[in-house]
Amino acid sequence: MSYTKVSPPVSPTPTLSPFSSRSSSNGSTASQKRESHLTATAKRQKYFRRLLKFRQMDFEYAFWQMIYLFISPQKVYRNFQYRKQTKDQWARDDPAFLVLLTFWLCASSIGFTLALNLGILGFIKFLLWVIFVDCIGVGLLIATLFWFISNRYMLINPPRGQDVEWGYAFDVHLNAFFPLLMILHFFQLPFLTFFINKEMFLSRFFGNTLWLLAIGYYIYITFLGYSALPYLKNTRTLLFLMTGVLLIYILSLILGWNFSWGLSQFYHDRVMDSV
């Protein structure tokens, strides 16, 4: 496979004349220095200001990242390392990935609305719940938890003045959430009503196996995200979470727990109670 087939799309760069190369280089260096001296608050404000500036977002690159989170997630994190070298920050400075993720959440919500017969008002509430609770709300909690644990217990001693950015921890969550969304909200959806949500062992086995795959992917991509940071140690301990997941999976098959049916009932009751 050639390099061009696995490289992310890049924005075109202007051609410089020999007379302007030195001044351009100096200007670029000064710009990078200003970027590196931005505080975390300033970077966060800059990120949110770009949320409504769609023309400044690189959707092609964000889409490339989504594809390679399935094919080769290591390549995605290698580009995070490149961002650290060029912009002195690990976290994304372009909200295009979050905007595209919101689009996929909207699309999956339409499918769940039809499958669960929620109606228009139900769709609106379901969509708001999935975006602001399942994705962002839970993501804030998970990102904060991993951010605290990694900075408190996983930094190499001495830490050399480096720590895990909270924005990067949230980006790791978004990266891991996307494959989970595709598996549980898209691939599972056609089988949900007529097969998975039935009182049969095969239905329970198929549905819970999808959950095992989705959560396993989430843990693996989270592990890759933190192992990409050169100043963290013992990142392999994150993979130990799979032991608990496997135990719950086995117990669910023995005790008759159907995770997909339970989630469907939760969503339906949560939405319909206030519609």
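Nothing here was measured: the structure is a model prediction, and the numbers come from that model.

Trainee: Explain the packing of aromatic side chains to me, please; I cannot follow it from the model alone.
Mentor: Aromatic ring pairs are reported here in terms of the distance separating the ring centres and the angle at which the planes meet. This model, assessed by the stated rule, comprises 23 aromatic pairs. In textbook terms, an aromatic cluster arises when at least three aromatic residues are bridged by ring pairs, as seen for Phe112, Phe126, Trp129, Phe266 and Tyr267. Arg92 extends its terminal NZ or CZ atom over the ring of Phe97, reaching a point 4.0 Å from the ring centre.

Trainee: Explain the environment of Trp147 here, please?
Mentor: Summarising the element assignment, Trp147 is placed in helix α7 (residues 119-153). When the C-alpha positions of Trp147 and Val164 are compared, they lie 6.4 Å apart, and in sequence the two are 17 residues distant. What Trp147 contacts, discounting residues up to four positions off in sequence, is Val164, Glu165, Trp166, Ala169 and Tyr226.

Trainee: What am I meant to see in the UniProt feature "transmembrane region" (unreviewed entry) in the chain here?
Mentor: Taken from the UniProt record, the annotation "transmembrane region" (unreviewed entry) applies to residues 97-119, 126-149, 176-197, 209-232 and 238-260. Taken end to end, residues 97-119 is 91% helix and 0% strand, and its two terminal C-alpha atoms sit 29 Å from one another.

Trainee: Is there a simple way to think about helix α5 (residues 73-87) in this case?
Mentor: Along an α-helix, residues three or four apart share an orientation, since each turn contains 3.6 residues. Taking 1.5 Å per residue as the helical rise, α5 with its 15 residues ought to reach 21 Å, and the 21 Å between its terminal C-alpha atoms agrees with that figure. Along α5, the residues classified as buried are Pro73, Val76, Tyr77, Asn79, Phe80 and Arg83. Mapping the buried residues of α5 onto a view down its axis gives an arc of 150°, with all of them on the same face. Every exposed residue of α5 that faces more than 90 degrees away from the buried side is listed here: Tyr82 and Gln85. Tucked into the core, α5 has its buried residues touching α4 (59-71), α8 (166-187) and α10 (201-227). Positive backbone phi, approximately 60°, marks Asp88, located one or two places after α5.

Trainee: What is the right way to look at the environment of Ser108 in this model?
Mentor: Of note, Ser108 is situated in helix α6 (residues 96-116). Given the relative accessible area of 1%, Ser108 is considered buried. A C-alpha to C-alpha distance of 8.6 Å links Ser108 and Met182, two positions 74 residues apart in sequence. Setting aside residues no more than four positions away along its own chain, Ser108 makes contact with Leu181, His185 and Phe186. Here Leu105 takes part through its backbone oxygen, which lies 3.0 Å from a polar atom of the side chain of Ser108.

Trainee: Help me out: how do you make sense of the packing of α6 against α8 in this one?
Mentor: In a pair of packed helices, the angle between the axes and the distance between the axes together describe the arrangement. Running from N to C, α6 and α8 cross one another at 20°; their axes reach a closest spacing of 11 Å. Between α6 and α8, the interaxial angle falls into the category roughly parallel. Crossing of α6 over α8 shows left-handed handedness. Contacts from Phe97, Leu98, Leu101, Trp104, Leu105, Ala107, Ser108 and Phe112 in α6 reach Leu174, Asn175, Phe177, Phe178, Leu181, Met182, Leu184, His185 and Phe186 in α8. Residues that form the contact of α6 with α8 fall into these classes: 14 nonpolar, three polar and no charged.

Trainee: Explanation requested: unusual backbone geometry in the structure shown.
Mentor: Trans peptide bonds make up the majority, and among non-glycine residues the majority have a negative phi. A positive phi angle, close to 55°, is found at Asn117, a residue other than glycine. As for its placement among the helices and strands, Asn117 is situated in the loop between α6 and α7. Unlike most non-glycine residues, Asn234 shows phi in positive territory, near 55°. We classify Asn234 as exposed; its relative accessible area is 51%.

Trainee: Even after reading the chapter, I still don't get the environment of Asn197, so can you show me in this structure?
Mentor: Residue position: Asn197 is located in the loop between α9 (189-196) and α10. Here the alpha-carbon distance between Asn197 and Ser260, two residues 63 residues apart in the chain, equals 6.9 Å. Ignoring anything within four residues of it in the chain, the contact list for Asn197 reads Leu192, Ser260, Trp261 and Ser264.

Trainee: I would appreciate a short explanation of the nonpolar core in the present structure.
Mentor: One broad rule of soluble globular proteins: the nonpolar side chains tend to lie buried together. Of all hydrophobic cores here, the largest spans 64 residues; its most connected members are Tyr77, Leu101, Tyr168, Phe177, Tyr226 and Leu232. Breaking this core down by element, the ones donating at least two residues are α4, α5, α6, α7, α8, α9, α10 and α12 (259-272). For this core, the leading source of residues is α8, giving 13 residues.

Trainee: Got a minute to help me understand α8 in this structure?
Mentor: Compared with an ideal rise of 1.5 Å per residue, which puts 22 residues at 32 Å, α8 spans 31 Å between its outermost C-alpha atoms and is within 8% of the ideal. The largest bend in α8 is about 25°, located at Leu181. Most of α8 is tucked away: 18 of the 22 residues are buried.

Trainee: What should I look at first to understand the pattern of salt bridges in this one?
Mentor: Any two side chains of opposite charge can pair, on the condition that their charged atoms come close. By the definition in use, this model includes one salt bridge. Here Arg92 makes a salt bridge to Asp171, at a shortest N to O gap of 3.4 Å. Placement of Arg92 in the loop between α5 and α6 and of Asp171 in helix α8 is noted, with a sequence separation of 79 residues between them. Pair check on accessibility: Arg92 and Asp171 agree, each one buried.

Calculation rules
Throughout, residues of each chain are indexed from 1 in the direction in which the sequence is written. Where totals are concerned, whole chains, interfaces and linings use all residues; where local detail is concerned, this predicted model gives features only for residues with pLDDT of at least 70, and gives and counts side-chain atom pairs only at 80 or more. By convention in this description, side-chain values take in all heavy atoms of the structure and omit both hydrogens and water. Planes of paired rings set the category: under 30 degrees apart is stacked, over 60 is edge-to-face and the rest tilted, where pairs are Phe, Tyr or Trp rings (Trp by its six-membered ring) whose centres lie within 6.5 Å. Whether a charge sits over a ring depends on NZ of Lys or CZ of Arg being within 6 Å of the ring centre and within 35 degrees of the ring normal. The helix count covers DSSP runs of H or I at least four residues long, the strand count covers runs of E at least two residues long, and both are numbered beginning at the N terminus. Only heavy atoms matter for contacts: two residues are in contact if any of them lie within 4.5 Å across the pair. UniProt positions are given in the numbering used here, feature names are shortened, and annotations may be inferred rather than shown by experiment. Expected span of a helix, by definition, is 1.5 Å for each gap between consecutive residues, and there is one gap fewer than residues. Three exposure classes are used, based on accessible area relative to the maximum for each residue type with a 1.4 Å probe and protein chains only: buried under 20%, partly exposed in between, and exposed over 50%. The directions from the helix axis to the C-beta atoms form the arc being described. Identification of polar contacts relies on pairs of N or O atoms within 3.5 Å, with a donor-acceptor requirement for protein atoms, meaning one able to donate a hydrogen and the other able to accept it, and with residues adjacent in sequence counted only if both atoms are side-chain atoms. Angles shown run from 0 to 180 degrees and are taken between the N-to-C directions of axes, each axis being a line fitted to C-alpha atoms and, for helices, limited to the stretch in contact. Here is the rule for angles: anything less than 35 degrees is roughly parallel, anything more than 145 is roughly antiparallel, 65 through 115 is roughly perpendicular, and the remaining ranges are oblique. Left-handed describes a crossing whose near helix is turned anticlockwise from the far helix by less than a right angle; the clockwise case is right-handed. Note on residue classes: Ala, Val, Leu, Ile, Met, Phe, Trp, Tyr, Cys and Pro are nonpolar, Asp, Glu, Lys and Arg are charged, and everything else, Gly too, is polar. Each nonpolar core is a collection of buried residues, namely Ala, Val, Leu, Ile, Met, Phe, Trp, Tyr and Cys, held together in the definition by side-chain atoms within 4.5 Å. Bend, in this description, refers to the angle at a residue between axes fitted to the seven residues ending there and the seven starting there. A carboxyl oxygen of Asp or Glu within 4 Å of a side-chain nitrogen of Lys or Arg is what we treat as a salt bridge.

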